[in-house]
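Secondary and tertiary structure notes
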Amino acid sequence: MAKGVKAAARRPDPLVIGLGDPGMTPLLRGGLGGLAAALRFLRRESDRKAAWPGEVKLAGGIARVEPARVIIEWGDADPEEVLQDLFERCFRLTKPLGLIDLAGTYEPERPPADALAAAWQGGLKRTFLQHGKTTPKAGAPKPVTTEIDGRPVQFEAQGYLSFAHQGVGADVAKALTRGRVSLAGWAYPGAAQRHIQFNDTKFSYTASEATAAAFALIGCVSFAGTRGGAGALVVPEPADLVAFAEIRPRLSPRTAAESYVSGLGDAVLAVSAALRMDDVLSRRGVAAAHGVLFATTVWAKQQKSRVATISGTSYPPAVLDQYEKLVSELPNAMRARGTGEADAEEGGIFAVASALRAFVSDNLARGRPWHFGFADARTAEKKPRWIHRDGRDQGALYATDKKGLVAMVEHLDGPEEALVASVHVALRQRFGAIASESKDAPGAMKNRFQRERDKWRLAFAGAKTQEQVRAALADLWSRAGSNSALQEGWRIVLPLLNGDNWRTARDLALVALASYQGRDTEAEAEGAE
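Scope of this entry: the structure provided in the associated data block. Model, not experiment: these values are computed from the prediction.

What about the overall build of the protein?
Of the regular secondary structure elements, the protein holds 18 helices and 17 strands. Overall, the C-alpha framework of the protein stretches about 110 × 55 × 50 Å when taken along its three principal axes. Burial status across the protein gives 53% buried among its 529 residues. Long-range pairs, those at least 24 residues apart, make up 68% of the contacts in the protein between residues at least 6 apart in sequence. If you sum the accessible surface of the protein, you get close to 24300 Å²; carbon and sulfur atoms cover 51% of it.

What follows is the structure, encoded as structure tokens:
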């Protein structure tokens, strides 16, 4: 080579990102699934009848999706141009509102309405895009109209000039030549440097990892929590990228109400329930679904930290049946926020969810009986309230929750069903006796009903040992008289009162009390309250 003539820069190899590559965590694998979904979107956007999988043209390059990897070839174009085209087409903003628009989260022929897009954006703001600098605002919030309870409602939604993920293409191009690059915390929520003093804990990315991290915004499903500004992130981990690309649009919430969850278990089960809509494709396309809950803590109120996780698993049909029944009985109630940018930035609308729904769904998602810990469960609020206690008595169980509780009782069987039935019979006989004694004094009857409920609630909730639980149940059964349910099922109920099962018996006794449906005179007296 002649002196003074520089060697031509080596052209980067094609970018090949595999599900099994070193360093690919579940979130990065979910991001790779997001890339596959986005590429399918781009292919179908230009030709709705285009076969899948197939090549996607990007500037002068092409991208292909295979079951276990995604390949981006540069062709005759500069890699940065190809990556810029990819990121510009996948990470977009709607016009004229400026709401975040992510290719692959919906089908090209069915874009979300503005109200739904605003609700999706609210979930993103509570997970990936928490920091204000990640989303510079496009002026004042703009009005959006939706329908709540059959009535048109107008609220404000905040639009943006840009968001952080749009610029990651340049970082990926740098990583192709430099080896690794650093990205801020929005790229991988929770993967933060432990302390500025420990540089070796700083998270950095290869070109493949940076691409996958950026597209995690598409591959994962972000929900807004209904309490305390929490956010829930569900990471569907792909097993087959081609199949996952078809599945991903079905995982997005279909309504604004579905974009909000009562807790982490609610979010994970919502995605799992959506997956079984096409069971064959889902089994091939998704290996597991992981959940992460983000909420403010007393030591870091300026941001939402990872406070809980649920490891991925596949749920049996019986669990998903219970969850779907719970959601149908206890749906989220939508409300519109007042005016103001702070409210508009997280969607402009919000949902009110049942505390019972949060409790039950979290148990189901963690593989526990739905009633586990009912006696001790409280809401996650500054002033926690007991889940089993009536909302009129500073508790969290309201009249609307009783429908959900009654529906869940129907899923009990064996000794659990027998114990609840025996308590229901005993309560009916006790209330029947009170009604008979007070038939000429309706006001006194109502007061006696309430005192009777309080008496047994305190007896069961206050029982802290096996002996105390057995004593409380025996007291109720003996006062009620002949009990057909207990006579038929006492042999299978007895093990619940022995050994370490007493806590289950206590939970079920309180479930029975809370789900008891009075009839005749008792129901009339309670309806007068």
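That was the structure; now back to the text.
What about the sheet that holds strand β3 (residues 61-66)?
Backbone hydrogen bonds are what pair the strands of a sheet, in a parallel or an antiparallel way. On the basis of which strands lie adjacent, the open sheet formed by 4 strands has the order β1-β4-β3-β2 and antiparallel pairing. Single-partner strands in this sheet number two, and they are β1 (15-18) and β2 (56-58). Across the sheet, the mean angle separating the axes of adjacent strands is 15° when strand polarity is ignored. The pairing of β3 with strand β4 (residues 69-73) spans 5 bridges and is antiparallel.

As for the environment of W490
Following the sequence through the fold, W490 ends up in helix α16 (residues 484-493). Counting along the chain gives 254 residues from W490 to P236, while the straight-line C-alpha distance between them is 45 Å.

Notes on helix α15 (residues 466-480)
Under the 1.5 Å per step criterion, the end-to-end length of α15 is 22 Å for 15 residues, consistent within 8% with the ideal 21 Å. Where α15 is concerned, the buried positions are Q466, V469, A472, L473, L476, W477 and A480. Buried residues along α15 cover an arc of 140° about the axis, so they all sit on one side. Of the exposed residues in α15, those oriented more than 90 degrees away from the buried face are E467 and S478. In this structure, the buried residues of α15 make contact with α13 (414-437), α14 (442-461), α16 and α17 (502-515). With its phi angle positive at about 90°, G481 sits one or two positions after the end of α15.

A closer look at the sheet that holds strand β11 (residues 221-225)
Strands sit in the order β13-β11-β12-β14-β15 across an open sheet of 5 strands; the sheet is mixed. Each edge of the sheet is formed by a strand with only one pairing partner; in this case those strands are β13 (260-261) and β15 (300-310). Two strands pair when backbone bridges link them, and β11 and β13 are joined in this way by 2 bridges, in the parallel orientation. The residue bridging G225 from the neighbouring strand is V261, located in β13. Packed onto the sheet, helix α1 (residues 26-46) meets β12 (231-238) and β14 (286-297) and runs at close to 75° relative to β12. Running over the sheet, helix α6 (residues 241-251) touches β11, β12 and β14 and is turned about 155° from β12.

Section: the pattern of salt bridges
Going through the model one piece at a time under the given rule, you end up with 22 salt bridges. Among the salt bridges present, the one from R44 reaches E107, with a minimum N-O distance of 2.8 Å. Of this pair, R44 sits in helix α1 while E107 sits in the loop between β6 (100-102) and α3 (114-125), placing them 63 residues apart in sequence. Taking relative accessible area as the criterion, E107 reaches 11% and is therefore assigned buried. Close ionic contact of R430 with E452 constitutes a salt bridge, the shortest N to O distance being 2.9 Å. Pair noted here: R430 is in helix α13 and E452 is in helix α14, with a separation of 22 residues, a long-range link. A relative accessible area of 16% places R430 in the buried class. Here the residues in one salt-bridge network are R40, R44, E107, E109 and R110, joined through shared partners.

Here we look at the packing of helix α9 (residues 317-329) against helix α12 (residues 399-409)
Direction vectors running N to C along α9 and α12 enclose 160°, while the axes themselves pass 8 Å from each other. Looking at the two axes, α9 sits roughly antiparallel to α12. Our pair here, α9 against α12, has a crossing hand that is right-handed. On α12, the residues touching Q322, K325, L326 and E329 of α9 are K403, G404, A407 and M408.

Points about the pairing of β15
In the sheet, β14 pairs with β15 via 6 bridges, with the strands oriented antiparallel. Within β15, the residue paired with G291 across the bridge is I310. In this structure, the hairpin formed by β14 and β15 is closed by a connection of 2 residues.

Considering α6
For α6, the tally of buried residues reaches 9 of 11 residues, placing the bulk of the element in the interior. Capping of α6 at its N-terminal end is provided by D240; its side-chain oxygen lies 2.9 Å from the backbone amide nitrogen of V242.

Let's talk about unusual backbone geometry
Among all residues except glycine, the phi angle is most often negative; among peptide bonds, the trans geometry is most common. The residue after W52, namely P53, is reached through a cis peptide bond having omega 0°. With respect to the secondary-structure elements, P53 resides in the loop between α1 and β2. Residue P96 follows K95 across a cis peptide bond; omega there is 5°. Tracing the backbone through its elements, the reader meets P96 in the loop between β5 (91-93) and β6.

Structural notes on the nonpolar core
Ranked by size, the top nonpolar core spans 80 residues in total, and within it L356, W370 and L473 carry the most contacts. Contact partners of L473, with chain neighbours within four places excluded, come to L419, V423, F460, L497 and A509. The next biggest cluster of nonpolar side chains, apart from the first, holds 66 residues, and it includes L83, C90, V172 and V242.

Quick notes on the packing of aromatic side chains
To describe a pair of aromatic rings, you give the distance between the ring centres and the angle between the ring planes. Taken as a whole, this structure holds 9 aromatic pairs when the rule is applied. Summarising the aromatic geometry, the rings of F41 and Y106 are spaced 5.3 Å apart at their centres and angled 80° between planes, so their arrangement reads as edge-to-face. You can see F41 sitting in helix α1 and its partner Y106 sitting in the loop between β6 and α3, a full 65 residues away along the chain. An identical accessibility class is assigned to F41 and Y106; each is buried. On the numbers, 6.2 Å between centres and 70° between planes, the contact of F91 with F163 is edge-to-face. Remark: F163 occurs in the loop between β8 (151-157) and α4 (168-178) and F91 occurs in strand β5; sequence separation between them is 72 residues. Like F163, F91 is buried. An aromatic cluster of at least three residues, connected via ring pairs, comprises F87, F91, F163 and F215. Sitting over the ring of W386, R378 keeps its end group 5.1 Å from the ring centre.

Quick notes on the rules
Residues numbered from 1 in each chain as written. Predicted model: local features only at pLDDT ≥ 70, side-chain atom pairs only at ≥ 80, totals over all residues. Heavy atoms only, no water. Helix = DSSP H or I, 4+ residues; strand = E, 2+ residues; numbered from the N terminus. Buried < 20%, exposed > 50% of the residue type's maximum accessible area, 1.4 Å probe, protein only. Contact = heavy atoms within 4.5 Å. Areas by Shrake-Rupley, 256 points an atom, 1.4 Å probe, with all protein chains shown as cover. Pairing = 2+ DSSP bridges. Axes fitted to C-alpha atoms, helices over the stretch in contact; angles between N-to-C directions. Expected span 1.5 Å × (residues − 1). Arc of directions from axis to C-beta. Salt bridge = Lys/Arg side-chain N within 4 Å of Asp/Glu carboxyl O. Parallel < 35°, antiparallel > 145°, perpendicular 65-115°, else oblique. Left-handed = near helix turned anticlockwise from the far one by under 90°. Polar contact = N/O pair within 3.5 Å; in protein donor to acceptor, adjacent residues only side chain to side chain. Core = buried A, V, L, I, M, F, W, Y, C linked by side-chain atoms within 4.5 Å. Phe/Tyr/Trp six-rings, centres within 6.5 Å; stacked < 30°, edge-to-face > 60°. Lys NZ or Arg CZ within 6 Å of the ring centre and 35° of its normal.

Everything listed here is a matter of geometry and, on its own, says nothing about what the molecule does.
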